Amino acid sequence: MNEALEKIRQEALARLQEVREEKELEELNSSVLGRSGSLTGILRTMGQLDKEQRAKLGQASNAVKKELEQAIAERRAKIAQLMQQKAFEKETLDVTEPGIRRQPSGRLHPMTQTYREIRDALIGMGFTTFHGPEVEYDDFNFTKLNLPKDHPARDMQDTFYVNDKVVLRTHTSPCEARALMTVKPPFRLVIPGRVFRVDEVDASHSPVFMQMEGLVVDKNISFADLKGTLDEFVHTVFGPDVKTRMRPSYFPFTEPSAEVDISCTICGGKGCRVCKGTGWLEILGCGVTNPHELENCGLDPHEWSAFAFGIGVDRVTSLKYGINDIRLEYENDARFLGQF
Amino acid sequence: MKLPLSWLKDYVEWNVTPDEFVEKLMWRGFECAGYEGEMDGITNVVVGKIVALRKHEDSDHLQICTIDVGAEEPLCIVTGATNVFEGALVPVAMDGAHLTEGIVIKPTVMRGVKSYGMLCSGHELGLSEADYPGAEFNGIMILHGEHPLGQSIQEAVGMDDIVFDIELTPNRADCQSIIGMCREAAAALGQRFKEPTIRHIEGEGDIHDYASVTVENTELCPRYTARVVTDLNIEPSPAWMQKRLRAVGMRPINNIVDITNYVLVEYGHPMHAFDLACVKDGNIVVRNAYENEIVTTLDGKERAVTPDMLLIADPEKGVGIAGVMGGLNSEITADTKATLFEAAAFKGSSIRATTRKLHHVTDAAARFIKGVEPVNAMLAEERAIELVDELHAGKVIGGTIDVCNADISEHIIYTDIAHINRILHTEIAGEDMAKMLATINIDAKAAGDKLKVRIPHFRTDIEDGLEADWDIAEEVARLYGYYNIKPSLMYGDTFAGKLGADYVFEDKVKDEMAAQGCYEMYNYNFTGPAALDALLLDKDSEKRQCVKILNPFGEDQSLMRTTLIMGMLDSLKRNQGRKTGHDRFFEVGNVHFDNNDSLPEERKMLGLLFSGENESYFTLKGAVEQLLEKFNLFGKVEFAAGGSEFYQPGRKAVMSIGKEQVGELGAVHPNVLKSWGIDGRVYFAEIDMNKLFAHTGAKRTYKPISKFPKVARDLAIVVDNKVTAAEVSRVISQTKLKVILDDVELFDVYRGVGIPEGKKSMAYSFTLRSEDHTLVDEEIQAAVGSIIRALETRLKAELRS
């Protein structure tokens, strides 16, 4: 009888290796372990045996049953796995095909991106936003800033006039006057905005452009503080490897005045077309606030000191992205805007 | 400001290269736009000697020259010129030489003979007769005298000067002169400035026998000096003077006029020479112009002058416009026998106003506008007379007329050394400051904690007043070197930086629009009357209340925009023309409304411009709704039919919150698009950013998520065409229900077969639920029933079967 049992076991295990499909497996299962299966058949013959043999056979057949049940279960899992694998193969994609975009992405103008970067760098340095109007009183745009009527330096900034008292602001500096007159010092302000100059449009001039003004008022603010602040600012925006230099200049509203150059972002300072071979690019004008301006705005220049700087956002944008013609920034060609 | 190196060398020891000079000046605050050699662009042209000359066998007019250019082998050059001869020294353009008009020399074969270069005419070298005698001869330029063979042509003709083009800041009027610039240049080079001394020419006789000066307006003319020269010998000025004038861009005229121009350049002081015979009684009157007066200036133009302008006149007539241009009637001519040299100080602001009115700025006027100072007037006068003497131009008459109402006294200021160091964050000793200042002729001395500074007459930018400490601090910083000042970080209070809530809002709006596929535009603020008309705006439309610019580029840019649409349409047109293929744009920008006397009202607007086949009024509205949703404002904003004239009737809506209108949207009127030449349909929305912002910030509070299931029901009603979706929503939301109505969605609107004419079917889906139990059928039916009854009674709706 044991031989018969062994035969069933071996046959079943052998057949199991051949089974590829679930249906086949279930057939095998019932043909061996089912109600009329071969192993069940052996158990039915046990009645004819004596007690001792019966126990022996019972034990042996139970062991075979367990073994086969386990083998079938394993095979079942294996088949399921194979079937899933097949299904996966069927569903395999070329994962490099382009993705489907529900909504093609839009773009922020490069100037907005640059503006945010500069602004956020300054916010991180303790500056707070402030703003003033684009159409401005002559008094704030010029007179309060130490540029009285007929001052020759007024010719530095060709002005659009609305009437003899109102102009399109030529810089964001009138906001300095507004801040000095309304905000309680000490303070650090960043003031972005559009400005206007009578400049015919060409590759490097635009009658409308964007500036960002910085103004710091405190006690004992020095030229060296201005230098330190701008160094830190430049490194935040342009990276730690960029060099800066500050050279003397003139603005009626600052004294001493300076212009700040950074080492050329295109050639790294070796000299190229963008920096006109100098290795340097001018990015902003700045200085210690002129005492007349403080006094005109109601602050005692011997008690309070200040520095200010004005950054050309258009220019910095051009430098950052290597845009060689400022007109592109106002033409709104989608092929341009789509690049940023 | 043009500074010829040859002129600089009169006053400064030159010890650097041009590039080093440019950098040293830069550190002193003088930016150099560039420098040019006199014959820049001409290269590789050298002196050669014609050692042999023979006729070309195959040509009637060509000659073959053997030329020695100092090299081992002589060159063979074929020329068509007839004025060459053996032994002549000529300019030889070698292989690769550059000449004027972009000519580059290459060896060529001329009728079978190889020619290794070219002999040049003066014209080909860009030289005129004035540059080099014989240069304008029609043939090869024959060089005079002896020259080493192979010498550069620049050296040979004495045209090897370099002219620096220096950009001056407006505060340094004193450097608008060779003397002033050389003073700074010397200090920048660490050299001593060789200050010129003017030889006083006493002259003979008494000026008062020849001339007199009456200054009627001493405010506009603080100083007027005059000297007289008789027995004039009018002739061209000497070559050295002509060369220098030309180097700085001036045209030599005659010795007397050239002297005034030379002094203008050298001392930065404009002068004028009158023909004394044309000044009645020799009496110069400095007065305001009369009403309706006309002065014919040296350029032959009749100029109408007005009483606010200052004239130089004689007792009968104007002989010049002060500080701007002399009169034709008193011009120096070949016949002039006696002249009066004027060196005066006129008030810059007056000259500025005059030039603006006359639309005419001369070199002289530009200097007066920048500011000339009265002490310099006398120096200029003295220098001119010295030159008259040097050039033997006439007989100098004794005496000087000097009508001086200016403060020419010396100003001494006491600046605070510690304060200067505080401004700069430096520790420079007073003595060291004094030493540095001395290098630019500022006499200073440390006295205790003060620095006593004698302001030189030419430094009108240094103030005897509030600014003094800062003025001197700037000079000290400049001389000490900005690069030597160590950067420091601000001490004192620390600040928490803050991005204002309005800025945060703007950022979010822009980010949302970009997320919705829009590209951001930046358009100019300018527009014009034609654009307003093209937008079909009513005569009394608010959008015609534009701020007008007095001095615009043109009529089409003479107004400030009152809406973003015109700029955005301009840009869309450009994109269509270029087939860029993008359909969604947005812009955030200010618009302005004229407010009569005070500043205009400034509104920050968001503009959205959609176009193309995939867009519709509803895609635009959807974008707006999503934007509103972002700020929790969707339910608050009501849309109602209406809006500006540039939208298509029936397809436009105004957006309001309560009674306040916050925006508009709609399909752009086809006639507007036609004016812009734009194809297809275009949709535009414009939202007032600040108004919208004012309604943001409502707190979002969490609503507990119901544990009980939602029930969805659909409902289709038939209503009159005029009934709007907004009305239906209002009725539904106002219906009192015992259950909670979560979502109401209009998912279909249908007109046509099966629906009576003039009516439409609207299909809604609802979601109903309860906070505390699962809804039973009766409740659901009761709720739907209430809604239906409300729609029936208030909107005459019928249930669609």
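Residues numbered from 1 in each chain as written. Chains lettered and ligands numbered in written order. Predicted model: local features only at pLDDT ≥ 70, side-chain atom pairs only at ≥ 80, totals over all residues. Heavy atoms only, no water.

Asker: Explanation requested: the overall build of chain A in the structure shown.
Answerer: Broken down by element type, chain A carries 12 helices and 9 strands. Expected size for 340 residues packed as a compact globule is a radius of gyration near 20 Å; at 42 Å, chain A overshoots this value by more than 25%. Principal-axis analysis of the C-alpha atoms gives chain A an extent of 130 × 45 × 40 Å. Across the 340 residues of chain A, 54% fall into the buried class. Considering only intrachain contacts with a sequence separation of at least 6, the fraction spanning at least 24 residues in chain A is 67%. As presented, chain A carries roughly 16000 Å² of accessible surface, and 49% of it is formed by carbon and sulfur atoms. Charge separation in chain A, taken as the distance between the mean sites of 44 positive and 51 negative side-chain charges, equals 10 Å. (Helix = DSSP H or I, 4+ residues; strand = E, 2+ residues; numbered from the N terminus. Rg over C-alpha atoms; globule rule 2.2 N^0.38 Å. Buried < 20%, exposed > 50% of the residue type's maximum accessible area, 1.4 Å probe, protein only. Contact = heavy atoms within 4.5 Å. Areas by Shrake-Rupley, 256 points an atom, 1.4 Å probe, with all protein chains shown as cover. Lys, Arg positive; Asp, Glu negative; His and termini not counted. Charge placed at Lys NZ, Arg CZ, Asp CG, Glu CD.)

Asker: Whenever I open this one, the overall build of chain B confuses me. Can you help?
Answerer: When helices and strands are tallied, chain B shows 20 helices and 38 strands. A compact globule built from 801 residues would reach a C-alpha radius of gyration of about 28 Å, whereas chain B, at 41 Å, exceeds it by more than 25%. Overall, chain B is about 125 × 85 × 60 Å in size when its C-alpha atoms are taken along their principal axes. For chain B, the residues scored as buried account for 53% of the 801 residues in total. Intrachain contacts of chain B at a sequence separation of at least 6 include 69% that bridge at least 24 residues. Summed over all atoms, the accessible surface of chain B reaches about 36900 Å², with 49% contributed by carbon and sulfur.

Asker: It is not clear to me how the packing of aromatic side chains should be interpreted in this structure. Could you clarify?
Answerer: Tallying each qualifying case throughout the model produces 29 aromatic pairs over all chains. Their ring planes at 85° and their centres at 5.6 Å tell us that Trp240 of chain B and Tyr262 of chain B sit as a pair that is edge-to-face. Of this pair, Trp240 of chain B sits in helix 5 (residues 239-247) while Tyr262 of chain B is found in helix 6 (residues 255-267), placing the two residues 22 residues apart along the sequence. The partly exposed category is assigned to Trp240 of chain B, whose relative accessible area is 37%. Among the aromatic residues, those joined into a cluster by ring pairs are Phe160, Phe196 and Tyr330 of chain A together with Tyr524, Phe526 and Phe553 of chain B. Seen from the ring of Phe140 of chain A, Arg178 of chain A lies directly overhead, with NZ or CZ sitting 4.6 Å from the centre. Positioned over the ring face of Tyr290 of chain B is Arg287 of chain B, at 3.8 Å from the centre of the ring. (Phe/Tyr/Trp six-rings, centres within 6.5 Å; stacked < 30°, edge-to-face > 60°. Lys NZ or Arg CZ within 6 Å of the ring centre and 35° of its normal.)

Asker: Which parts of the structure should I look at to understand helix 20 (residues 777-795) of chain B?
Answerer: Every α-helix winds through 3.6 residues per turn, so residues three or four apart in the chain are directed the same way. Residues and elements named next belong to chain B. Under the 1.5 Å per step criterion, the end-to-end length of helix 20 is 26 Å for 19 residues, consistent within 8% with the ideal 27 Å. When helix 20 is considered as a whole, its buried residues turn out to be Ile780, Ala783, Val784, Gly785, Ile787, Ile788, Ala790, Leu791 and Leu795. The secondary structure elements touched by the buried residues of helix 20 are strand 35 (711-720), helix 19 (725-734), strand 36 (740-750), strand 37 (759-769) and strand 38 (798-799). One or two steps after helix 20, the chain reaches Lys796, where phi turns positive at roughly 55°. (Expected span 1.5 Å × (residues − 1).)

Asker: Even after reading the chapter, I still don't get the packing of helix 2 (residues 18-26) of chain B against helix 4 (residues 178-188) of chain B, so can you show me in this structure?
Answerer: The packing of two helices is summarised by the inter-axis angle and the distance between the axes. All names here are of chain B. Contact geometry of helix 2 with helix 4 gives a least axis separation of 9 Å together with a crossing angle of 100°. Our classification of the angle between helix 2 and helix 4 gives roughly perpendicular. Contacts between helix 2 and helix 4 involve Phe21, Lys24 and Leu25 from the first element and Met181, Ala185 and Ala188 from the second. Classifying every residue of the contact of helix 2 with helix 4 by side-chain character gives 5 nonpolar, no polar and 1 charged. (Axes fitted to C-alpha atoms, helices over the stretch in contact; angles between N-to-C directions. Parallel < 35°, antiparallel > 145°, perpendicular 65-115°, else oblique. Nonpolar A, V, L, I, M, F, W, Y, C, P; charged D, E, K, R; others polar.)

Asker: I tried to follow the domain arrangement of chain A on my own but got confused; where do I start?
Answerer: Accessible area lost upon the coming together of the parts serves often as the stated size of an interface. In terms of domain boundaries, chain A breaks down into domain 1 (2-91) and domain 2 (110-337). Look at where the C-alpha atoms of domain 1 of chain A and domain 2 of chain A centre, and you get two points 87 Å apart. (Domains from an automatic or database assignment.)

Asker: Would you mind showing me how to read the pattern of salt bridges here?
Answerer: Side chains that differ in sign of charge can pair as their charged atoms come close. For the structure shown, the criterion picks out 60 salt bridges over all chains. When the shortest N-O distance is used, the salt bridge between Glu117 of chain A and Lys320 of chain A registers 2.8 Å. Of this pair, Glu117 of chain A sits in helix 5 (residues 110-124) while Lys320 of chain A sits in helix 10 (residues 313-321), and the two are 203 residues apart along the sequence. A salt bridge links Lys510 of chain B to Glu520 of chain B; the nearest nitrogen and oxygen atoms lie 2.8 Å apart. Separated by 10 residues along the polypeptide, Lys510 of chain B in helix 13 (residues 501-515) and Glu520 of chain B in strand 26 (residues 519-520) bring together distant segments of the chain. By relative accessible area, Glu520 of chain B is classed as buried at 0%. Taken together, the salt bridges that share partners define one network made up of Arg172, Asp174, Glu184, Arg459, Asp461, Glu475 and Arg478 of chain B. (Salt bridge = Lys/Arg side-chain N within 4 Å of Asp/Glu carboxyl O.)

Asker: Can you walk me through the side chain of Thr562 of chain B in this structure?
Answerer: All names here are of chain B. Take Thr562: it is sitting in the loop between strand 28 (559-560) and helix 15 (565-577). A distance of 2.7 Å separates a polar side-chain atom of Thr562 from the backbone oxygen of Lys543. Once residues lying within four places of it in the same chain are set aside, the contact partners of Thr562 are Lys543, Gln545, Cys546, Val591, His592 and Phe593. (Polar contact = N/O pair within 3.5 Å; in protein donor to acceptor, adjacent residues only side chain to side chain.)

Asker: Which parts of the structure should I look at to understand the state of the cysteines?
Answerer: In the structure shown here, the tally under the stated rule is 0 disulfides over all chains. Free cysteine Cys264 of chain A: the closest other cysteine sulfur is in Cys267 of chain A, separated by 3.6 Å. (Disulfide = S-S within 2.5 Å.)

Asker: Help me understand the layout of surface pockets, please; the structure alone is not making it clear to me.
Answerer: To find the voids left in a structure, one rolls a probe of water-molecule size over its atoms. Residues and elements named next belong to chain B. Taken as a whole, the second largest pocket spans an internal volume of roughly 2300 Å³. What lines the second largest pocket is a set of 50 residues, among which Lys621, Glu625, Phe634, Ala726 and Ser729 lie closest to the centre. Per-element tally for the lining of the second largest pocket: the top contributor is strand 36, with 7 residues. Looking at the lining of the second largest pocket residue by residue, the class counts come to 21 nonpolar, 10 polar and 19 charged. (1 Å grid on protein atoms, 1.4 Å probe; cavity = no way out; pocket = protein on both sides within 12 Å on 5 of 7 lines; lining within 4 Å. Points joined across faces, edges and corners; volume = space filled by probe spheres on them.)

Asker: What is the right way to read the interface of chain B and chain A from this model?
Answerer: Counting residues at the interface gives 85 residues for chain B, matched by 96 residues for chain A. The junction of chain B with chain A conceals about 7800 Å² of combined surface from both sides, 57% of it contributed by carbon and sulfur atoms. Taken as a group, Tyr482, Met490 and Tyr522 of chain B account for 11% of the area that chain B buries against chain A, more than any other trio of residues on that side. Remark: the boundary between chain B and chain A carries 6 salt bridges. Of the charged contacts, one joins Asp507 of chain B and Arg119 of chain A as a salt bridge, the two residues approaching to 2.6 Å between their closest N and O atoms. Applying the counting criterion to the chain B and chain A interface returns 42 residue pairs in polar contact (both at pLDDT 80 or more). Those elements that provide at least two residues to the side of chain B that touches chain A are helix 7 (348-358), helix 8 (363-370), helix 10 (417-424), helix 12 (468-480), helix 13, strand 26, helix 15 and strand 29 (584-593) of chain B. The residue makeup of the side of chain B that touches chain A, split by class, is 38 nonpolar, 21 polar and 26 charged. (Buried area = accessible area lost by both parts, 1.4 Å probe.)

Asker: In this structure, what is going on with the side chain of Thr169 of chain B? I would like to understand it.
Answerer: Locating Thr169 of chain B in the fold gives a position in the loop between strand 10 (162-167) and helix 4. Within the structure, the side chain of Thr169 of chain B is placed 2.5 Å from the side chain of Asn171 of chain B, a separation counted as a polar contact.

Asker: Is there a simple way to explain empty space enclosed by the protein in this structure?
Answerer: Evaluation of the coordinates by the stated rule reveals 2 cavities of 30 Å³ or more. Computed from the structure, the largest cavity encloses a volume of approximately 100 Å³. Around the largest cavity, the lining comprises 15 residues; the ones closest to its centre are Ser249 of chain A together with Arg28, Thr169, Asn171 and Arg478 of chain B. Looking at the lining of the largest cavity, the elements with two or more residues in it are strand 6 (244-251) of chain A together with helix 12 of chain B. Classifying every residue of the lining of the largest cavity by side-chain character gives 4 nonpolar, 4 polar and 7 charged. What the second largest cavity holds in volume is close to 40 Å³.

Asker: Is there a simple way to think about the confidence of the model for chain B in this case?
Answerer: Regions with low pLDDT carry predicted coordinates that are not meant to be interpreted in detail. Looking at chain B, pLDDT values average 94 and 100% of them are 70 or higher. Scoring of the predicted complex yields 0.85 for pTM and 0.86 for ipTM. (pLDDT = per-residue confidence, 0-100.)

Asker: Help me understand unusual backbone geometry in this model?
Answerer: The omega torsion across Pro185 of chain A and Pro186 of chain A is 0°, close enough to zero to call that bond cis. Here Pro186 of chain A is to be found in the loop between helix 7 (174-182) and strand 4 (187-196). Cis geometry is found at the peptide bond from Glu255 of chain A to Pro256 of chain A, where omega equals -5°. Mapped onto the fold, Pro256 of chain A is located in strand 7 (residues 254-263). Phi at Asn44 of chain B takes a positive value of approximately 60°, unusual for a residue other than glycine. Assignment of secondary structure puts Asn44 of chain B in strand 3 (residues 43-55).

Asker: Help me understand the pairing of strand 24 (residues 443-447) of chain B in this model?
Answerer: Side-chain positions along a regular strand alternate between the two faces of the sheet. All names here are of chain B. Judged from the 5 bridges that link them, strand 24 and strand 25 (residues 450-455) form a sheet pairing that is antiparallel. Directly across from Ala444, in strand 25, lies its bridge partner Val453. Between strand 24 and strand 25, which pair antiparallel one after the other, the connecting turn spans 2 residues, and Gly448 there sits at a positive phi close to 65°. (Pairing = 2+ DSSP bridges.)

Asker: What should I look at first to understand the packing of helix 2 (residues 22-33) of chain A against helix 4 (residues 51-91) of chain A in this one?
Answerer: Residue and element names in this part refer to chain A. Packing of helix 2 against helix 4 leaves a shortest axis separation of 10 Å and a crossing angle of 175°. Here helix 4 runs roughly antiparallel to helix 2, going by the angle between their axes. The residues of helix 4 that touch helix 2, namely those facing Glu22, Leu25, Glu26, Asn29, Val32 and Leu33, are Lys65, Leu68, Glu69, Ile72, Arg75, Arg76 and Ile79. Within the contact of helix 2 with helix 4, the residues separate by chemical class into 6 nonpolar, 1 polar and 6 charged.

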